[in-house]
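Structural description and commentary
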Amino acid sequence: MSEHATTMEAAGLKPGFADPVFEAQTTFRTLLNALAYAGRPGMLSTRLDPPHPLGPASAAVALTLFDFETPVWLDAAAAAGGVPDYLRFHTGAPLVAEEGRARFALIADAMQMPPLDRFAIGEDRYPDRSATLIVQVPSLAAGPAVTWRGPGIDGARAVSIAGLPEGFWTQWADNHALYPLGVDIIFTAGQALIGLPRGIEAEG
Amino acid sequence: MYVAVKGGEKAILNSHRLIAETRRGNPDVPEISAEQIAEQLGLAVDRVMAEGSIYDRGLAALAIKQAQGDLVEAIFLLRAYRTTLPRFANAQPVDTARMLVRRRISAAYKDIPGGQVLGPTYDYTHRLLDFALAAETGVGTPEAAEAEEPLDPHMPRVAEILDEEGLVEREHTDGQEAAVFDLTREPMSFPAGRDQRLQNLARGDEGFLLALGYSVQRGYGGNHPFAGEIRMGEVSVEIVPEELGFAIDIGDVVVTECQMINQFTGSKDTPPQFTRGYGLAFGHNERKVMAMALVDRALRARELGETAAYPAQDEEFVLYHADNVEASGFVSHLKLPHYVDFQAELNLIRKLRREHEERHRKEAAE
Amino acid sequence: MSAARPAWDEAYNFAYLDEQTKRMIRRALLKALAVPGYQVPFGGREMPLAYGWGTGGMQVTASVIGPSDTLKVIDQGADDTTNAVSIRRFFQRVTGVNTTEATEQADIIQTRHRIPEVPLREGQILVYQVPQPEPLRKLEPRETETRKMHGFGEYGLMHVRLYEDIARFGHIATTYSYPVMVNGRYLMSPTPIPKFDNPKMRNNPAIQLFGAGREKRIYAIPPYTRVESLDFEDHPFEVQRWPHACALCGSRESYLDEVVLDDSGGRMFVCSDTHYCATRRAAGHSGAMAEGSVARALAPSAGKQEDSHERA
């Protein structure tokens, strides 16, 4: 571990989880709840200090789910600076240039995000072969209210994610229409995250 | 008052003690060591390593001791242990042409470059019980005679000899780039590639493959196979560490390889030629690799445009049922309580019988 | 991290699996929640328990569980059946977490063949051990075929099967593993729980996760999700009922096991959910054969009365 830490410092890298087994576990449980209770914010207890512009929740999700088996696509904001080295070192995930090949996409600048239909939506027989997008936004509560309905929600829930590009919810409606195919999204802001699985119908 | 049966935990602990006692047997008889098993029950160790998917004679011997010689149980122990091991690297393909051969035979030719090497085999022993082995004095230290000439270091594979003439299909690689399927990391998927199939068969139950191979020979799959070559010996294993960028030797393993040559009448696009079935397993496992090669060839039916009408040619049937850890687990799970579902069935059967009776009564009355 | 590290057998990884395996299973679980009822293939590993004995459930539990969780394990609804005891002991050894028999106190409940009688709450996770995840397998043995049927939502085969039951017996003759439609899209095997438990799956506030180790499939039902047992307009779905109450706690609401008392037809019926039954007895409820009641075996003739079953 100390040898590991020394190599890391020498490379000028920010540290990952101090206790990888347990921090990955609590982060995963927050994620599991977020995807199960769609639209309900989850707070992470781990405190990472990742390289700019990566937020602590985005970094925790990455360190919990990425590895050499998961091709990852970074948006231009995330691809600049220390993020690619940080992810390569801590997760070993291959970074890919094409959105369609990625299992995960890390989007640091939501306003400039590519259209959802650029990402893998799965196949009829394998809808799980689809991308999960981690979309960093300024706030999970200060945006315009959108009503979510679907599995995980008892009736309806109003969710107010800020900082999404124009037309995002129209794209989401198209994505939802592909069900059971489609992408799934994890919105992050600071230490918090919200899950938006493909089965959720959103109404502005 | 009725008291429900409790004390599952105590019963389990007692059962563990009882199995330990039973395993030890009569304490007046010296305890067997894992080392003795590794040395003197070597073929059992080889089977457990092959189907347990770990090349470690010591662990396999320990598993055999712990399982009281139940090899399927020993294989299960190794597999469960395997789950806890991290993966450091993927080995380079082993080159069996560079094998340090201990045994090598071909049934297709009388003589072959490099010669026929009989090596250690029970094939030509008479299967007469050897009471000398049971004698208190033991067998001492038997020694084989040394060969007069050292083995020819050049031992081309027999399939390559046929290949020169174009009589046997070419084995084409799909290139260095293609990732090899690994069913210890991902679940089976169909249609299965040959990599997935061969890995499944290499880990598959010897008895199951033997019966399937036999069924092919008896006409349930109709190819006439020739044992083109069977070779057994040491091959070196190499890995390419990321930071070095070149291959380093990490040790030797003993493997057995079988190339079966089968008739093939050809198709519209392909002239008549021989086709191959392939078998490879850890250790000295001749019966296993021969059966594996027969089944591998049978499973190529669709690829070669043959009708797949028999069990050995049915990919899902063979691959889904070859693994004895899966199979023995699922068969043995019938020992677990099922009384909740049985109660549901009891209710139904009683209801159906009552309705049946009522119908009969009504019919009799009419 | 504020949570104290639990004491576990450190010869093994926390929760047995290595981190790479947990990550792979965790990714599969998230996809399973995103597509309720769809069977996600995963790289199942060999566990130190035989296939068919709960290896899928164990891998799911091992990937989810953390030091502050309290775990409950049941088999046939009971905490004290040998396999439940064995799995609980395994997790005590490899995680050191607290265990409980109380349904309300458990964060994670691993189960085989039952859903607890006490309604679950938000945040709880019910992990089912699944022997055969494919609801169509008995009708079509080929995975390549059944996967196509799911892909196209083509479930006519199952309807035909149920309809044949009605033609032959006058009603649907499936009593457990009764197939359900999840979120209106995927036909799902509820594992061999009795159909009595099927209605509990619908709109449940808890998270339901399913692990099939040997078949290497994971699936899930998120909370508050539509789960419908297949039926026909003229033959609506119905659950098992008993004409008598639990002999120990007097409950008329729970699923009952039949206990044979002698070899001349004497039998009694008791709750399959042992914690539910014990809680009721502790609260003062009692049945015909509970402590303090007159000890008696049911007369052989009483067994015949029981033949009325499905009242609904």
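Above this text is the structure in question.
Scoring rules and cut-offs
- Residues numbered from 1 in each chain as written.
- Chains lettered and ligands numbered in written order.
- Predicted model: local features only at pLDDT ≥ 70, side-chain atom pairs only at ≥ 80, totals over all residues.
- Heavy atoms only, no water.
- Phe/Tyr/Trp six-rings, centres within 6.5 Å; stacked < 30°, edge-to-face > 60°.
- Helix = DSSP H or I, 4+ residues; strand = E, 2+ residues; numbered from the N terminus.
- Buried < 20%, exposed > 50% of the residue type's maximum accessible area, 1.4 Å probe, protein only.
- Lys NZ or Arg CZ within 6 Å of the ring centre and 35° of its normal.
- Arc of directions from axis to C-beta.
- Contact = heavy atoms within 4.5 Å.
- Axes fitted to C-alpha atoms, helices over the stretch in contact; angles between N-to-C directions.
- Parallel < 35°, antiparallel > 145°, perpendicular 65-115°, else oblique.
- Left-handed = near helix turned anticlockwise from the far one by under 90°.
- Nonpolar A, V, L, I, M, F, W, Y, C, P; charged D, E, K, R; others polar.
- Pairing = 2+ DSSP bridges.

Two aromatic rings, taken as a pair, are described by how far apart their centres are and by the angle between their planes. Following the criterion strictly, the structure yields 23 aromatic pairs over all chains and no others. For the ring pair Trp73(A) and Phe119(A), a centre distance of 5.7 Å and an interplane angle of 75° mean the geometry is edge-to-face. Placement of the pair is Trp73(A) in strand β2 (residues 72-74) and Phe119(A) in the loop between β3 (104-107) and β4 (132-136), with a sequence separation of 46 residues. In this structure Trp73(A) comes out as buried when scored by relative accessible area, which is 10%. You can call Phe119(A) buried: its relative accessible area is 3%. Here the aromatic rings of Tyr163(C) and Phe232(C) are separated by 5.5 Å at their centres, their planes lie at 75°, and the arrangement is edge-to-face. Here Tyr163(C) is found in helix α5 (residues 156-169), whereas its partner Phe232(C) is found in the loop between β10 (227-229) and β11 (256-260), with 69 residues between them in sequence. Phe232(C) gets classed as buried once you look at its relative accessible area, which sits at 17%. An aromatic cluster of three or more residues is present, and its members are Trp148(A), Phe168(A), Trp169(A) and Phe187(A). One cation-aromatic arrangement involves Arg185(C) over Tyr186(C); the distance from NZ or CZ to the ring centre is 4.4 Å. Lying across the ring of Phe330(B), Arg214(C) places its NZ or CZ 3.5 Å from the centre.

A separate point is unusual backbone geometry. Keep in mind that most residues, glycine aside, have a negative phi and that most peptide bonds are trans. Omega for the peptide link from His52(A) to Pro53(A) comes to 5°, which places this bond in the cis form. Structurally, Pro53(A) is set in the loop between β1 (42-43) and α3 (56-65). Of note, His113(C) is a non-glycine position whose phi angle comes to about 75°, a positive value. Mapped onto the elements, His113(C) comes out in the loop between β4 (108-112) and β5 (125-129). The backbone of Ser177(C) sits at a positive phi, close to 50°, despite the residue not being glycine. Among the structural elements, Ser177(C) can be located in the loop between α5 and β6 (180-182).

Before going further, it helps to spend a moment on helix α5 (residues 83-91) of chain A. All names here are of chain A. All of the buried residues in α5 are Val83, Pro84, Tyr86, Leu87 and Thr91. Seen end-on, α5 carries its buried residues on one side only, within an arc spanning 160°. Buried-residue contacts for α5 involve α3, β2, α4 (76-79) and β3. In the segment just after α5, glycine 92 is the residue with positive phi, at about 70°.

Right, let's get into the environment of Gln68(B). All names here are of chain B. With respect to the helices and strands, the residue glutamine 68 is situated in the loop between α4 (57-66) and α5 (71-82). Residues glutamine 68 and threonine 83, 15 residues apart in the sequence, show an inter-C-alpha distance of 22 Å. Sequence-distant contacts of glutamine 68, defined by excluding residues within four places in its chain, comprise Ile19, Thr22 and Arg23.

Further remarks concern the environment of Pro311(B). Residues and elements named next belong to chain B. Considering the arrangement of structural elements, one finds proline 311 in the loop between α9 (286-298) and α10 (315-321). Sequence separation between proline 311 and valine 216 is 95 residues, and the spatial gap between their C-alpha atoms is 8.9 Å. Those residues in contact with proline 311, other than ones at most four positions away along the chain, are Leu212, Phe317 and Val318.

Further remarks concern the packing of helix α3 (residues 42-52) of chain B against α5(B). Residue and element names in this part refer to chain B. Where α3 contacts α5, the axes come no closer than 8 Å and their chain directions differ by 45°. Between α3 and α5, the angle is such that the two are oblique. In this structure, the crossing between α3 and α5 has a hand that is right-handed. Contacts between α3 and α5 involve Ala44, Arg47, Val48, Met49, Glu51 and Gly52 from the first element and Leu71, Val72, Ala74, Ile75, Leu78, Arg79 and Arg82 from the second. The residue inventory of the contact of α3 with α5, partitioned by class, reads eight nonpolar, one polar and four charged.

Turning next to the sheet that holds strand β3 (residues 98-99) of chain C. Pairing between sheet strands relies on hydrogen bonds along the backbone, with the strands arranged either parallel or antiparallel. Strand order in this open sheet of seven strands is β1-β9-β8-β5-β4-β2-β3 (chain C), and the pairing throughout is mixed. The sheet is open, and its two edges are formed by β1 (40-41) and β3 of chain C, each paired on a single side. Direction of pairing for strand β2 (residues 70-75) of chain C relative to β3(C): parallel, over a ladder of two bridges. When the sheet's bridge partners are listed, Leu71(C) is paired in β3(C) with Thr99(C). Against the sheet, helix α2 (residues 20-36) of chain A contacts β4, β5 and β8 (207-212) of chain C, and its axis sits at roughly 110° relative to β8(C). Against the sheet, helix α2 (residues 55-64) of chain C touches β2, β4, β5, β8 and β9 (217-221) of chain C, its axis set at about 130° to β8(C).

Residues and elements named next belong to chain C. Burial runs high along strand β12 (residues 267-271): five of the five residues are buried. Judged from the five bridges that link them, β11 and β12 form a sheet pairing that is antiparallel. By the bridge assignment, valine 259 is partnered in β12 with methionine 268. Linking β11 to β12, which pair antiparallel, is a turn of six residues; within it glycine 265 sits at a positive phi near 95°.

Right, let's talk about the sheet that holds β1(A) for a bit. All names here are of chain A. The six strands lie next to each other as β1-β8-β7-β4-β3-β2, forming an open sheet whose pairing is mixed. Edge strands, defined here as strands with exactly one partner in the open sheet, are β1 and β2. Two elements, β4 and strand β7 (residues 184-189), share five bridges in a ladder whose sense is parallel. In the strand pairing of β7, valine 135 is matched with phenylalanine 187.

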